[in-house]
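# Summary of the model geometry
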Amino acid sequence: MAGSGKAHLRPTDDRVLVVEDLTVEFRISRDKIVKAVSGVSLDLVRGETLAIVGESGCGKSTLGKAVLQIPKPTSGSVNFLGKELTELKGDTLRDMRPAMQMIFQDPISSLDPRLTVSETLAEPLRVWNKGTETEIQAKIDDLLVNVNLDPSVVRDRRSYEFSGGQCQRISIARALALEPTMIICDEPVSALDVSVQAQILNLLQDMKDRYGLTLIFISHDLAVVKAVSTRVMVMYLGKVCEVADPDSVYQRTRHHYTKALVGSVPIPDPTRKPTGNLIQGEPPSPMNPPSGCRFRTRCAAASEQCAAEEPQLREVAPGHFVACHHPIEV
Amino acid sequence: MSETISTADSADTGPLAPAAKRKRPVGFYLAGSWLGSIVLLGLFGALLPLRQWDLASYDYLGALPGTPGHPLGTTQDGYDMLSGLINGARISIFVSFFAVLFGGGIGALIGITSAYFRGKYDLIVVSIFNIMLSIPNLVLSLALLSTLAYSSPDKPATLQRRLIILILSLTIVIIPILGRIARASALQWSSRDFVVASKSMGTRNFTIIRRHILPNVAPAILAIGFLAIGSVIIVEGSLSILGIGVPGGASWGSMLANGRGNIAFSPHEVYMPAICIALTVISSNWFGDYVRSRLDLREAKI
Amino acid sequence: MTNLLEIEDLSVGFRTPRGNLQAVRNATLTLAPGESIGIVGESGSGKTVLSRAVMGLLPSTATRTGSIVYQGREISDLPRDEVRDLWGTGMAMIFQDPMTALNPTRRIGSQLSESLVVRLKMDKGAARQKSVELLRRVRIPDPEGMLRKFPYQLSGGMRQRIMIAIAVSCGPELLFADEPTTALDVTVQAQVLELLDELRAENNTAMVLVTHDLGVVAGHTDKIAVMYAGDVVEYAPTKRLYASMKMPYTEALLNSIPRLETPTGSRLPVIEGRLPDPTKEVAGCAFADRCPYVSEKCRAEKPPLMDAGDGHLYRCWFPIGGVN
């Protein structure tokens, strides 16, 4: 699985982001290169939430950062609001930054421990000269109220005085400060308690509606993205496996890897046993990925064809794309 | 993880939070008061009604401590020990403070920028630091001093010039030591998500360094800076003993060097400056350690 | 059948500058040999403190009352080093973050054989052989090669397997797992939980599984204690708990789990508000402010632990489904 291809791209005018053949490589020593992302294409229509799902090391976070050009991808194209970001440099790239923001997994690491909440939120506004000091302070109060924090209580506190969920609210407020078009959420709830996860997911939904945002939601947990996403893209070892709307991904799963992800979600019901379709072991090293389909080493349906030939993404049902030589029949 | 993150209301009293505020150790007060009095004496010692340190009194050659008019005795050449030590404090503290200040400042600047920008610049900085660190402090400053402070026999360098050159060469010794600490710490902070967030907001690199990296790295540099003051005093003393530090018994080290030959007749000439050096080094180490442990505690809480 | 572990009326508090922080209040739990119990709650509910208290791992600022009986022996008053003697062969622990629990400077092999040599008095060769066998049992490919590796060379899932291998190396009777899968991917989480079940079945090992996720404990425990603000608020056999939960809090916790069945674009049910300040005593039910079914009585009077039959205890004036 884990193939290339652009069959899933939608050539409409309403696209905020078009990524084509994006590759990110890291050189870790003279002759060792990690291919974190290999030729991934995706597009994002205004107002949608694209979930990118996969295990750690599949390149999903690297992909998110490469879209923001932090660091610049090794090759491929990232077209955001009609501008080719990979060709922009210095101030022209900087001018694009307010429109695309990011929220991170680790609530503690996301905030500078030395800054108070109001200083944290003032930073983007000051960098872009968004009004006078009084206007900036009013805007900060506004943002805090929007993410359900009481400005009079939290303004002058520092990050270590807050719970993980509250830190995540502050991060969301910071990302919203510049009124971006797109926010990339990198595992925003996986470090939080289950009871807090739901609060943050709902908040993201509310903010999306209020600010008219387009979201990329990166997660390792299919259940988490189910409620919030409008399109799901499953990644494995730097490649795309399956792209579809969330209901199709869960109910008419076509890819063997997606099937394993679905089977891994814990079921809060002792009478229902897990599907027993667990994959064993861990993904191979991205330094020398398997030939052909990258998932074949852990795939029950792997054949000789899978080793010889890399599967391309193809449409198996309207809007449902899969990169597999032997997709699951539904 | 989940237990350490609690709600704001209970954040400072979370289930496993440390209890009462820690008491400062006695050593902190002892070290602090010694360093404090040395600095005060160095700054205002000249105002005290004492003999001039470089004015020999030929009535008292090698007087023992407790002699009237010379509470700490005199040297074999008739110089007053107490005023000599006070003047020495001024020179020693002056030299080590400025050497650490300049060395720390430049080192931090190089270390932080190289950690932040990485790439070839970082590679070059690290190699230079490593080469400099592989040469023992004393040998490096000796080499620097003997090239920089060259004075022809008929035109000896003035004390002022010698001091500036001494500070300069000690600064060069300090740069890689503190630079490497700054780099290591900055490396850690640069990978935090809030730095990436700041970049993605379009904040300029030097603003990020000034607002986010420097304030977080500063405590580590400060703590090590205190330790460095101690070692610089020792290096300065050793250089004086070798005869290329501050000349004429002006610093503690050079008092030690001058008194070396008289150890049999007036041992106090040697052990008084030696005790001063030792106490100052111990105190600054202690102080630096304390500063660091305080900051570690803060970090642990974060 | 005698119980392996009996906790009775256990209370743990901490002296803090803001006054006494009551982390656990009058907890009473029992655990039979081979049984597994899930302790579930949000951050700050006292679940971790409770499990640390049993292992004798409380900091010196803690005050503790009540009794902890392990294998018929009162261990709450034992000096620390005697409790420590129970570890390895009696009790063992698996931590949330295996990276901090493993020594970064020593090879896996030497960390694994350490307790075998110290506790079981094995010689080096036997310990090595046993280590390989243990690694094979936790399904690590190429166990011989693994012995020579350092922790930093391994993924989070691999490290957690190593931790498990170390924990079960001396055949403990009681295994503490404190959020063992929270730092892991869902795929690895499922593997690790299944592995724990298998190992426990082989050796009849009892387990205390501490977690914030009711989804994780459902398929892997025999009974569950739900904690809220230091109290055990519901305590029941797992199947019974999920079939007929009594506490509104447990219900809310269960509903907040994201599921594959959740319709796209829908709002997830949440528990509004937050835990009460643990340094203040609450007059009524601690959950009252967040409870959808709250009434006058809840704020005035703290509900006692009530029995719904079949070992199902709960702490609520107006339980779901009514009183029995």
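Above this text sits the structure in question.
What you are looking at is a predicted structure, and each value in this text was computed from that prediction instead of being measured. (Residues numbered from 1 in each chain as written. Chains lettered and ligands numbered in written order. Predicted model: local features only at pLDDT ≥ 70, side-chain atom pairs only at ≥ 80, totals over all residues. Heavy atoms only, no water.)

A few words on the overall build of chain A. Of regular secondary structure, chain A possesses 11 helices and 12 strands. In terms of C-alpha radius of gyration, chain A reaches 21 Å, essentially the compact-globule figure of 20 Å for 330 residues. Here the C-alpha coordinates of chain A stretch approximately 65 × 55 × 40 Å along the principal axes. The contacts of chain A with a sequence gap of at least 6 include a subset with a gap of at least 24, amounting to 66%. Carbon and sulfur atoms make up 48% of the accessible area of chain A, which totals about 12100 Å². (Helix = DSSP H or I, 4+ residues; strand = E, 2+ residues; numbered from the N terminus. Rg over C-alpha atoms; globule rule 2.2 N^0.38 Å. Contact = heavy atoms within 4.5 Å. Areas by Shrake-Rupley, 256 points an atom, 1.4 Å probe, with all protein chains shown as cover.)

Residues and elements named next belong to chain B. Using the criterion set out here, one finds 17 aromatic pairs over all chains in the structure. Ring geometry for Phe-117 and Phe-206: centres 5.8 Å apart, planes at 50 degrees, overall tilted. Residue Phe-117 is found in helix H2 (residues 81–117), and its partner Phe-206 is found in helix H7 (residues 205–241); the two are separated by 89 residues along the sequence. Accessibility expressed as a relative area gives 36% for Phe-117, which makes it partly exposed. (Phe/Tyr/Trp six-rings, centres within 6.5 Å; stacked < 30°, edge-to-face > 60°. Buried < 20%, exposed > 50% of the residue type's maximum accessible area, 1.4 Å probe, protein only.)

All names here are of chain C. Per the counting criterion, the structure on display carries 9 cavities of 30 Å³ or more. As a volume, the second largest cavity reaches approximately 100 Å³. Forming the walls of the second largest cavity are 14 residues, and the residues nearest its centre are Pro-248, Cys-285, Cys-291, Cys-298 and Cys-316. Tallied by class, residues from the lining of the second largest cavity come to 13 nonpolar, no polar and 1 charged. (1 Å grid on protein atoms, 1.4 Å probe; cavity = no way out; pocket = protein on both sides within 12 Å on 5 of 7 lines; lining within 4 Å. Points joined across faces, edges and corners; volume = space filled by probe spheres on them. Nonpolar A, V, L, I, M, F, W, Y, C, P; charged D, E, K, R; others polar.)

Moving on to the interface of chain C and chain A. Tallying the contact residues gives 44 residues for chain C and 42 residues for chain A. Here chain C and chain A share an interface that buries about 3700 Å² over both sides, 55% of which is from carbon and sulfur atoms. Viewed at the interface, chain A and chain C are joined by 1 salt bridge. In this structure, the salt-bridge partner of C:Arg267 is A:Asp206, at a minimum N-O distance of 2.5 Å. On the surface where chain C and chain A come into contact, there are 13 residue pairs in polar contact (both at pLDDT 80 or more). For the side of chain C that touches chain A, the secondary-structure elements that each account for two or more residues are helix H7 (156–168), helix H8 (186–203), helix H9 (214–218), helix H10 (238–243) and helix H11 (248–255) of chain C. When residues in the side of chain C that touches chain A are grouped by element, the largest group, 6 residues, is from H8(C). (Buried area = accessible area lost by both parts, 1.4 Å probe. Salt bridge = Lys/Arg side-chain N within 4 Å of Asp/Glu carboxyl O. Polar contact = N/O pair within 3.5 Å; in protein donor to acceptor, adjacent residues only side chain to side chain.)

Residue and element names in this part refer to chain A. A sheet is described by the order of its strands in space; here 4 strands give the open sequence E2-E1-E4-E5, paired in antiparallel fashion. Pairing within the sheet leaves two strands with one partner each, and these edge strands are strand E2 (32–45) and strand E5 (83–84). Pairing analysis gives 10 bridges linking strand E1 (residues 15–29) to E2, with the strands arranged antiparallel. Within E2, the position partnered with Leu-22 by the bridge is Val-40. This element, helix H1 (residues 60–67), spans E1, E2 and strand E4 (75–80) of the sheet and lies at about 115 degrees to E1. (Pairing = 2+ DSSP bridges. Axes fitted to C-alpha atoms, helices over the stretch in contact; angles between N-to-C directions.)

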